[in-house]
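Structural features, examined
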Protein chains: 2
Amino acid sequence: MSQGASLSGFPEWLPEQRVVEQALIDTLRRVFELNGFIGIETRAVEPGSSLLKKGETSKEIYLLSRLQDRGEEDKVPVEDRLGLHFDLTVPLSRYVVENSGHLTFPFKRWQIQKVWRGERPQEGRFREFVQADVDVVGNGELPAHYEVELPLVMVSALEELRAFGLPKATVHANNRKLSEGFYRGLGLDDVEGVLREIDKLDKIGTNAVCDLLVSQCGATPEQARACLDLAGLTASDGRQLHERFDGLCRQVGIDMGGQAYSLAEEGLDTLAMIIDEADRIRPGSVIADLKIARGLDYYTGSVYETFLEGAESLGSICSGGRYDNLATQGKRTYPGVGLSIGLSRLLSFLLSAKGAHANRVSPASVLVAVWNEGDRSVSDHIAQKLRSRGIAADVAPTAAKVGKQIRYADHLGIPYVWFPAQEGEEATGDEVKNIITGDQVPADALSWTPDSVYAQQRVEFGA
Amino acid sequence: MSQGASLSGFPEWLPEQRVVEQALIDTLRRVFELNGFIGIETRAVEPGSSLLKKGETSKEIYLLSRLQDRGEEDKVPVEDRLGLHFDLTVPLSRYVVENSGHLTFPFKRWQIQKVWRGERPQEGRFREFVQADVDVVGNGELPAHYEVELPLVMVSALEELRAFGLPKATVHANNRKLSEGFYRGLGLDDVEGVLREIDKLDKIGTNAVCDLLVSQCGATPEQARACLDLAGLTASDGRQLHERFDGLCRQVGIDMGGQAYSLAEEGLDTLAMIIDEADRIRPGSVIADLKIARGLDYYTGSVYETFLEGAESLGSICSGGRYDNLATQGKRTYPGVGLSIGLSRLLSFLLSAKGAHANRVSPASVLVAVWNEGDRSVSDHIAQKLRSRGIAADVAPTAAKVGKQIRYADHLGIPYVWFPAQEGEEATGDEVKNIITGDQVPADALSWTPDSVYAQQRVEFGA
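Residues numbered from 1 in each chain as written. Chains lettered and ligands numbered in written order. Predicted model: local features only at pLDDT ≥ 70, side-chain atom pairs only at ≥ 80, totals over all residues. Heavy atoms only, no water.

This part covers the environment of Ser365 of chain A. Residues and elements named next belong to chain A. Note on placement: Ser365 falls in the loop between strand S15 (357-358) and strand S16 (366-368). Among the residues examined, Ser365 registers a relative accessible area of 2% and is labelled buried. A C-alpha to C-alpha distance of 46 Å links Ser365 and Ser65, two positions 300 residues apart in sequence. Among all residues touching Ser365, those that are not within four sequence positions of it are Arg360, Ile391, Ala392, Ile414, Pro415, Tyr416, Tyr454 and Ala455. Side chain to side chain, Ser365 and Arg360 meet in a polar contact 3.1 Å long. (Helix = DSSP H or I, 4+ residues; strand = E, 2+ residues; numbered from the N terminus. Buried < 20%, exposed > 50% of the residue type's maximum accessible area, 1.4 Å probe, protein only. Contact = heavy atoms within 4.5 Å. Polar contact = N/O pair within 3.5 Å; in protein donor to acceptor, adjacent residues only side chain to side chain.)

All names here are of chain B. With respect to the secondary-structure elements, Lys203 resides in helix H7 (residues 201-204). Under the relative-accessibility criterion, Lys203 is labelled exposed at 73%. Taking the C-alpha atoms as reference points, Lys203 and Gly315, 112 residues apart in sequence, are found 9.4 Å from one another.

This paragraph deals with the packing of aromatic side chains. Residues and elements named next belong to chain A. Taken as a whole and assessed by the stated rule, the structure comprises 25 aromatic pairs over all chains. Look at Tyr416 and Tyr454: their rings are 6.0 Å apart centre to centre, the planes differ by 90°, and that puts the pair in the edge-to-face class. Taken together, the residues Tyr416 in strand S18 (residues 416-419) and Tyr454 in helix H15 (residues 452-455) connect sequence positions 38 residues apart. Look at Tyr454 and you get buried, because its relative accessible area is 18%. These aromatic residues form a ring-pair network of at least three members: Phe182, Tyr183, Phe245 and Tyr261. One residue, Lys108, lies across the ring of Phe37, its end atom 4.6 Å from the ring centre. (Phe/Tyr/Trp six-rings, centres within 6.5 Å; stacked < 30°, edge-to-face > 60°. Lys NZ or Arg CZ within 6 Å of the ring centre and 35° of its normal.)

Relative to chain A, chain B is turned by 180° and slid 0.0 Å along the rotation axis, the superposed coordinates differing by an RMSD of 0.0 Å. Such a combination of turn and shift is consistent with a two-fold rotation axis. For chain B, the residue whose C-alpha comes nearest the rotation axis is Leu64 of chain B, separated from it by 2.4 Å. Here 100% of the contact residues of chain B are again contact residues in chain A; the copies associate through an equivalent surface. (Least-squares fit on C-alpha atoms with pLDDT ≥ 70 in both.)

Residues and elements named next belong to chain A. Strand order in the open sheet made by the five strands is S17-S16-S18-S19-S20, with mixed pairing throughout. The open sheet is flanked by strand S17 (393-395) and strand S20 (440-442), the only strands paired with a single partner. Strand-to-strand twist of the sheet, defined as the mean angle between neighbouring strand axes without regard to direction, takes the value 25°. One ladder, built from three bridges, connects S16 with S17; its direction is parallel. (Pairing = 2+ DSSP bridges. Axes fitted to C-alpha atoms, helices over the stretch in contact; angles between N-to-C directions.)

Cis geometry marks the peptide bond from Phe105 of chain A to Pro106 of chain A; its omega dihedral reads -5°. Take Pro106 of chain A: it is sitting in the loop between helix H3 (89-98) and strand S5 (107-116).

A word on the interface of chain B and chain A. Taken residue by residue, the interface counts 92 residues in chain B and 92 residues in chain A. Between Glu41 of chain B and Lys114 of chain A there is a salt bridge whose closest N-O contact spans 3.3 Å. Counting every contact that joins chain B to chain A gives 36 residue pairs in polar contact (both at pLDDT 80 or more). In terms of residue count, the dominant contributor to the side of chain B that touches chain A is helix H1 (residues 15-34) of chain B (seven residues). (Salt bridge = Lys/Arg side-chain N within 4 Å of Asp/Glu carboxyl O.)

With that out of the way, let us pick up the domain arrangement of chain A. As far as domains go, chain A holds domain 1 (1-44 + 85-167 + 317-358), domain 2 (169-308) and domain 3 (366-460). Placing the centre of domain 2 of chain A and that of domain 3 of chain A at their C-alpha centroids yields a distance of 62 Å. (Domains from an automatic or database assignment.)

Looking at where Arg43 of chain A falls in the secondary structure, it is placed in the loop between strand S1 (38-39) and strand S2 (45-47). A relative accessible area of 1% places Arg43 of chain A in the buried class. A distance of 3.1 Å separates polar atoms of two side chains, one belonging to Arg43 of chain A and the other to Glu46 of chain A. With residues near it in sequence (within four places) discarded, Arg43 of chain A still touches His85, Arg94 and Glu98 of chain A together with Ser6, Leu7, Phe10, Glu12, Lys114 and Glu128 of chain B.

Written as structure tokens, this is what we have:
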């Protein structure tokens, strides 16, 4: 994070760090578009009514007020006030409903934007950050194959980010119907409550969650233990998943002919399909992990979290799921499935833990020197010629001593300094110096090209 | 604007319109980087103390409050509250001061981001919009040649946008010192006030401004007329500018040996230098226009507005100036000069007046058909092969009748539909159909490439 970042929770990056963020964004966009996703951008604000109805994040909203209306904010009900969006899924749902007549369904969209959460400052969490989302939204129905494809698009996107130092990513999938059916089969009806507590497992551990299930969700110690046993289940193929789940159901005495089990089985079948299909396309990229709960309450089927090898403590870096009831218009529903990468947190990790950095601060490959201010237009003209050929070029800020001009290029990481022919030297012509290797050669701005290794600003990683 | 945009002032675009916006952003970024500008992004919020001290826009701020703190907002002084930034110049100045130890000066930066203004809803103005800025900020000093280069960078960027239907752009330049010296020479000391009224000329006309100068700024009718005469001055070269300005000074009786005239002359010399230099590099791109005032109060020297040929009623689409006192740290100052394109307004104009549109909604060049759901993996595999070669590909959402799959491609503007070899047909192999021309040919996903005219999503304009 930028040394001077003066507002806790609002990260800001130095230019050489921003290069890494921009490279992440460019790479994700490229992968999303290669997969046929359509880019949109939604406004940053939503009415309170739409922000408040969705899950726990509703507690962390920033509301807006016009400076002139200060002191009068409370006259307007929260539902009618504007707030900053806290994710990109709620705005997508609203956008789809508003524009349904102009969209082709299933609507596959990517979106990379800032979101805001009014967290308490002391928590040290980001209050402004970038999310990168892909979703597919159907009109009335949405085929289950998208529940395999969407996590795989994210896996292939994250795979591209390994060039910036990212470790291998694995998607952990679960299904809300499976969990709900299991809990109901146990006789627990506060499904939301149980999911909320299970979601805390990584943070507070098994014993604390067990206590909460008893105290907050009315579970008996046996029921609580069964819930934790379910959360302990993982599987890497469908057959294994079925066997382990059914084994647990038998062990805890769930009626496998009952309605609750039927619901669980529906989720089980989808989850088994997902990990088997994913395994065929990208072996090892998606596993079943029945502790995945997701705090937000709009998911109705598959849920996903993604962990990095050797950086599990970072938590999930890419999460999502299927939501069948988020967008509705009268009787029509727009079911969707999607995942969201927490880009700012990923960037922060790459910068601090993996040493990701720009090979240079400036996008320019060449700094054109200026011998004296009266001849600045000669240097400008050379720079223009280079730019017209796609070579990024800067011109020295002042006609300082040549050593100072070279130092300016060096500070910015610009690899080449161009010396215009000086008076009386027109016969010999311009020269260009690679200030990294020290090589200096005659050059013509209409034909010279930088060595490929010095041609582009790019991201490297490692110490 | 998207048909369903439900919040006045918060524009949102349909996918085919967003393609145009994204192309504008990509093009500007490319030009800025070719010129050696460094990209940064600042947080969306600033403390009230920093938003409130700058000019008239301070009246149009959105303040934030956490939902939980509702009803308690007034306990915190506005200066200590957070607000959304209303431009990118104030955040840049703050960023430069905070990070000065980590930056190389002069610091040339580009920044394309959303800004917010808490306008009254009924005004029909954007309350959320994108700005694209370039600025150069010096440490202690900033050479005057940047006052020519910055508008020319914008001219070359706007020139690139002509590919999307933008008319020719001309930068109109003035200088605050010239105006101030002239007004003081007339005996008018409320310089800010006069500039504020002159800034209204295009909106309310000469007579109304004349009245306001008398009633609001204490001008005599003669002084007011002299101010309007100055605002009527234009020139396309430095000599002409000097002659016309001095002619007017003599006519209205300004003491050309006095201090006020000296100040005016300082601005006059810079302005003459700007139009002469600009004329040498890009003839006709920058003219002197002495009615340019700029409402914001942080400019201290050159000021710029930019108008489009045949679309003058749109007002200035790219404005800025030199500010010597915006960023300070103790005794150190960071003078800057920069311009800002109102990207959302430009986009709105290109969409509605110039018919700018995407050649297709989807980035995909190919839709791979699915014969039946059991064989979906065959289609997925073909799509993967195409993507690995950089060809954006989508897969049909369902194994519907082939006509329906082609219609899906057609709705999204995807030019090619790929037919995997059907059972018993392996010998003949895959075929690909261009659904625009109707051509259908055998094809191999490892070697086929789309015709160049159908290869990329791009922007076109015209009916």
